[in-house]
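As a plain string of letters, each chain reads:
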Amino acid sequence: MTGRHGAAGAPSCALTVRVPMRYEDITPAMHVSNAAVLGLIEEARNRLLRYGAEDAAGSPVGGLLDVDGADRVYLIVQQTIEYPEEVRYSVEPLRFDFWIGHVGRSSFTLDAEVRAAGAEQVLVRTESVVVITDAAFTGSEPIDDALRRRLEAHRAEPVPLRPRPGASTMSPAAR
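Residues numbered from 1 in each chain as written. Predicted model: local features only at pLDDT ≥ 70, side-chain atom pairs only at ≥ 80, totals over all residues. Heavy atoms only, no water.

Peer 1: I'm lost on the overall build of the chain in this one. Help?
Peer 2: If you tally the helices and strands in the chain, you get two helices and seven strands. Written out in order from the N terminus, the α and β elements of the chain read β-α-β-β-β-β-β-β-α. Expected size for 175 residues packed as a compact globule is a radius of gyration near 16 Å; at 16 Å, the chain falls within 12% of this value. Seen along its three principal axes, the alpha-carbon backbone of the chain occupies a region of about 45 × 40 × 35 Å. (Helix = DSSP H or I, 4+ residues; strand = E, 2+ residues; numbered from the N terminus. Rg over C-alpha atoms; globule rule 2.2 N^0.38 Å.)

Peer 1: How should the side chain of Asp-97 be read in this particular structure?
Peer 2: Along the chain, Asp-97 turns up in strand 5 (residues 94-103). Residue class for Asp-97 comes out buried when judged on its relative accessible area of 6%. Polar contacts involving the side chain of Asp-97 include one to the side chain of Arg-115, which spans 3.2 Å. Apart from residues lying up to four places away in sequence, Asp-97 is in contact with Ala-10, Ala-14, Leu-15, Thr-16, Asp-111, Ala-112, Glu-113 and Arg-115. (Buried < 20%, exposed > 50% of the residue type's maximum accessible area, 1.4 Å probe, protein only. Polar contact = N/O pair within 3.5 Å; in protein donor to acceptor, adjacent residues only side chain to side chain. Contact = heavy atoms within 4.5 Å.)

Peer 1: When you look at the packing of aromatic side chains in this model, what are you seeing that I'm missing?
Peer 2: The way to describe two aromatic rings as a pair is by their centre distance and the angle between their planes. Enumeration over the complete set of coordinates arrives at one aromatic pair. Pairing Phe-96 with Phe-98 gives two aromatic rings, centres 6.1 Å apart and planes at 10°, and the pair type is stacked. (Phe/Tyr/Trp six-rings, centres within 6.5 Å; stacked < 30°, edge-to-face > 60°.)

Peer 1: Is there a simple way to think about helix 2 (residues 145-152) in this case?
Peer 2: In an α-helix, one turn spans 3.6 residues, which is why side chains three or four residues apart end up on the same side. Listed in full, the buried residues belonging to helix 2 are Ala-146, Leu-147 and Leu-151. All buried residues of helix 2 lie within an arc of 130° about the axis, which places them on one face of the element. When the buried face of helix 2 is taken as reference, the exposed residues oriented beyond 90 degrees from it are Asp-145 and Arg-149. In this structure, the buried side of helix 2 is in contact with strand 5, strand 6 (107-115) and strand 7 (122-133). (Arc of directions from axis to C-beta.)

Peer 1: How should the pattern of salt bridges be read in this particular structure?
Peer 2: Two side chains that carry opposite charge are able to pair once their charged atoms sit near each other. Tallying each qualifying case throughout the model produces 15 salt bridges. As a salt-bridge pair, Glu-43 and Arg-22 come within 3.1 Å of each other at their nearest N and O atoms. Taken as a pair, Glu-43 in helix 1 (residues 34-51) and Arg-22 in the loop between strand 1 (15-19) and helix 1 lie far apart in primary sequence, 21 residues in all. Assessed through its relative accessible area of 24%, Glu-43 is described here as partly exposed. Several salt bridges converge on common partners, so that one network encompasses Glu-82, Arg-95, Asp-97, Glu-113, Arg-115, Glu-120, Arg-125 and Arg-162. (Salt bridge = Lys/Arg side-chain N within 4 Å of Asp/Glu carboxyl O.)

Peer 1: How should I be thinking about the side chain of Arg-95 in this particular structure?
Peer 2: As for its placement among the helices and strands, Arg-95 is situated in strand 5. A distance of 3.1 Å separates a polar atom in the side chain of Arg-95 from a polar atom in the side chain of Asp-97. Setting aside residues up to four positions removed in sequence, Arg-95 forms contacts with Thr-16, Val-17, Arg-18, Glu-113, Val-114, Arg-115, Ala-119 and Glu-120.

Peer 1: Even after reading the chapter, I still don't get the environment of Glu-42, so can you show me in this structure?
Peer 2: Inspection of the secondary structure assignment puts Glu-42 in helix 1. Under the relative-accessibility criterion, Glu-42 is labelled partly exposed at 42%. Sequence spacing of Glu-42 and Ser-128 is 86 residues, and the spatial spacing of their C-alpha atoms is 9.7 Å.

Written as structure tokens, this is what we have:
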């Protein structure tokens, strides 16, 4: 496992995507609604998986799933979102720092911390379970060796999420 959490919190192996907020994302109090945050997470995740991000040095990298020219299909089967701070509207884009928290046979967890531009305070933590599937969405497909190597290069400790209400311990992904 690579990438320890640095001073900013995100692991050194994290990949960064910046997504601008839209005016329609805000409430009259200039707060970004939870539903809009989910949409921003989805946009950032799709950019990361399909189109690319920036590495720790700010250099562009291709889409995380773009390995060996294979056209991989995926589904999000679980999404956890935690809001440690209020997300306020800004004309500056949000910074999504993504890394891999776990790699399984046909799925992986995509973890992220979201910050305002230029800030170190985490506004949102999220974890998505991504399943590689066949093109007809009829079943999962094993993660091939090339993709596994790519995912492992960005693997670090799972994003720390609060325990679920009534649970005596943290979620398995947060351990």
